[in-house]
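# Tertiary structure, described
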Amino acid sequence: MSTKPTKATISFDNNATPIELPMLSGTLGNDVIDIRALGKHGVYTYDPGFMATAACQSNITYIDGEKGLLLHRGYPIEQLAEHCDFLEVSYLLMHGELPNAEQKANFTKIISTHTMLHDQLSNIFRGFRRDAHPMAVMIGVVGSMSAFYFDAMDVYNPQHREISAYRLLAKMPTIAAWSYKYNLGQPFMQPQNKLNYAENFMHMMFATPCEEYTPNPVLAKAFEKILILHADHEQNASTSTVRLVGSSGANPFASISAGIASLWGPAHGGANEATLQMLEEMGDVSRIGEFIKRAKDKTDSFRLMGFGHRVYRSMDPRASIMQKTCYEVLNELGLHDDPIFKLAMELEKIALEDDYFVSKKLYPNVDFYSGIVMRAMGIPNSMFTAIFALARTAGWIAQWSEMNADPEHKIGRPRQLYTGEARREFMPIDKRA
Ligand code: ACO
């Protein structure tokens, strides 16, 4: 039986002295070669996209992409999605353990009594164009929180970190819902502390001063699931952005605002919005073949949105849960004949059977289904990524706090392989070609 290696040696083909490097082991997953000492030898590694590089140690989330496994603090996502509400999962991510009844009640009370925004913040919303994308508004408003809540921004003080974390988690639904209301031209709805986290967000989205909103329990449960399934996903692009920005000691609001900006990209959180846009463009089942052909064409940059994942090479466990929720919501609302949903279900079937997608292990991802669920709930496409950001705030602040509490953490400063001009002399303008 082969034993695990404890060190690795890098040898060079020019007879330079080989470099010995230790191996590090975590609780689960691959061991890693500790390359920190390489710089002392004037040797660096090249890994665009961090395909093979662990940028930090973390004990929050574990993913096994081959097995389709996602654990938060050791608990499988299936169990958390089945038995917990979003605040319980947020508590787990932040504090490392599931809360007992008293801790849960206290945490829920703290979060639900900090949902209001400073009144001046409404003026920041009013500075945006009415047609601004909600993500653009969120990036701005969350960044501007550092101008309002600066009494607890010492990132090296655990109490300050906790206060800022609670503020972010509590106020994010209000910010997301207001970015939508501003778009619509409707008055901002104040939070209702008697409602739970998911219902409160739905109230701020859909109620008006003239009409209350009573959430359908199936939809409220589905929304809670969307929040839980998007709460954290280890070192993805936006979380790594939060860590990188925060690594300089930047305040939590600036760091989370940067995470929202990163999430907005269509290769990341923008995928659920892009999926629905793609389905709308497709319009009819008869055009699926044409789109699949384009997705396979190497000369075409088009990709089938909502398919594939950097880490999962089998079905994303979150996608399986969301798929079930998706059918529950479509059943509840009797939407099976809606052309877009019919199209989505047909596309899912074809892609799951098509050789190209099967051989490359490109399964529908969680965003494929969450986009469909949110559309069915009456949430406009432009809010999909904003809701992802709202949910991911729980993970971002847990990861940001973990980094700041780590005495070993350093400012993130990658190296590069320079491919530009070598040194050359300045040329006066009249001598330039
Ligand atoms: N449609 C068609 N082909 C695809 C797709 C897709 N959606 N995704 C990957 N491929 C192909 C690539 O062309 C590539 O083919 P090749 O090996 O012949 O060159 C192969 O599959 C591997 O693709 P990579 O780009 O190397 O995979 P990577 O891990 O870098 O990308 C990503 C993952 C960005 C998610 C990609 O699958 C994609 O762009 N998907 C569509 C966007 C999307 O749904 N994003 C949501 C991600 S989930 C989330 O953020 C919660």
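Residues numbered from 1 in each chain as written. Predicted model: local features only at pLDDT ≥ 70, side-chain atom pairs only at ≥ 80, totals over all residues. Heavy atoms only, no water.

Moving on, we come to the layout of surface pockets. The computed volume of the second largest pocket comes to approximately 290 Å³. In terms of lining residues, the second largest pocket is bounded by 15 residues, among which M94, H95, A398, S401 and E402 are the most central. Counting only elements with at least two residues in the lining of the second largest pocket, the list comes to helix 2 (86-95), helix 6 (158-184) and helix 17 (384-405). Considered class by class, the residues forming the lining of the second largest pocket number eight nonpolar, three polar and four charged. (1 Å grid on protein atoms, 1.4 Å probe; cavity = no way out; pocket = protein on both sides within 12 Å on 5 of 7 lines; lining within 4 Å. Points joined across faces, edges and corners; volume = space filled by probe spheres on them. Helix = DSSP H or I, 4+ residues; strand = E, 2+ residues; numbered from the N terminus. Nonpolar A, V, L, I, M, F, W, Y, C, P; charged D, E, K, R; others polar.)

Below, the discussion takes up the packing of helix 5 (residues 134-144) against helix 17. Remark: helix 5 packs on helix 17, axes separated minimally by 8 Å, with the N-to-C direction vectors making an angle of 35°. Contacts between helix 5 and helix 17 involve P134, M135 and M138 from the first element and T385, A386 and A389 from the second. (Axes fitted to C-alpha atoms, helices over the stretch in contact; angles between N-to-C directions. Contact = heavy atoms within 4.5 Å.)

Side chains three or four residues apart in an α-helix point the same way, a direct result of the helix having 3.6 residues per turn. Between its first and last C-alpha, helix 3 (residues 101-112) extends 16 Å over 12 residues, near the 16 Å set by a 1.5 Å rise per residue. Burial in helix 3 covers these residues: F107, I111 and S112. All buried residues of helix 3 lie within an arc of 120° about the axis, which places them on one face of the element. Of the exposed residues in helix 3, those oriented more than 90 degrees away from the buried face are E102 and K109. If you follow the buried residues of helix 3, they end up packed against helix 2, helix 6 and helix 7 (197-206). With a side-chain oxygen positioned 3.1 Å from the backbone nitrogen of E102, the residue opening helix 3 is N100. (Expected span 1.5 Å × (residues − 1). Buried < 20%, exposed > 50% of the residue type's maximum accessible area, 1.4 Å probe, protein only. Arc of directions from axis to C-beta. Polar contact = N/O pair within 3.5 Å; in protein donor to acceptor, adjacent residues only side chain to side chain.)

A few words on the pattern of salt bridges. Counted according to the given criterion, the structure contains 20 salt bridges. The shortest N-O distance in the salt bridge between K67 and D64 comes to 3.7 Å. Put simply, K296 and D354 hold a salt bridge, and the shortest N to O gap is 3.0 Å. Pair noted here: K296 is in helix 12 (residues 288-296) and D354 is in the loop between helix 14 (339-353) and helix 15 (355-359), with a separation of 58 residues, a long-range link. (Salt bridge = Lys/Arg side-chain N within 4 Å of Asp/Glu carboxyl O.)

This part takes up the site of the ligand. The full set close to the ligand counts 21 residues, and R303, L304, Y356, K360 and N365 are the nearest of them. The separation between an oxygen atom of the ligand and a polar side-chain atom of K360 is 2.8 Å. A total of 930 Å² of accessible area belongs to the ligand in isolation, and the protein chains cover 77% of it. Residues of the shell around the ligand, tallied by class, amount to 10 nonpolar, five polar and six charged. (Near = heavy atom within 4 Å. Areas by Shrake-Rupley, 256 points an atom, 1.4 Å probe, with all protein chains shown as cover.)

Turning to the sheet that holds strand 4 (residues 61-64), a few remarks are in order. Taken in spatial order, the three strands make up an open sheet running 4-5-6, and their pairing is antiparallel. The outermost strands of the open sheet, each flanked by one partner alone, are strand 4 and strand 6 (75-76). Here two bridges tie strand 5 (residues 69-72) to strand 6, and the two strands are oriented antiparallel to one another. Paired with L71 across the two strands is P76, which belongs to strand 6. (Pairing = 2+ DSSP bridges.)

Moving on to the packing of aromatic side chains. Scanning all chains against the criterion turns up 15 aromatic pairs. Ring centres 5.2 Å apart and planes at 5° place the aromatic pair F201 and F223 in the stacked group. Within this pair, whereas F201 is found in helix 7, its partner F223 is found in helix 8 (residues 217-229), the two being separated by 22 residues in sequence. The pair formed by F201 and F223 is uniform in burial state, with each residue classed as buried. Among the aromatic residues, those joined into a cluster by ring pairs are F307, Y356, F357, F368 and Y369. Between the NZ or CZ atom of R375 and the centre of the ring of F341, over which it lies, the distance is 5.5 Å. (Phe/Tyr/Trp six-rings, centres within 6.5 Å; stacked < 30°, edge-to-face > 60°. Lys NZ or Arg CZ within 6 Å of the ring centre and 35° of its normal.)

Its location among the elements puts S179 in helix 6. For S179, the residues in contact, after removing those within four places along its chain, are F125, P134, V137, M138 and M383.

This part takes up empty space enclosed by the protein. Considering all chains together, one arrives at one cavity of 30 Å³ or more under this definition. Of the pockets and cavities examined, the largest cavity occupies roughly 40 Å³. Around the largest cavity, the lining residues are G308, H309, Y312, S314, D316, K361, Y363, P364 and N365. Split by residue class, the lining of the largest cavity holds three nonpolar, four polar and two charged.

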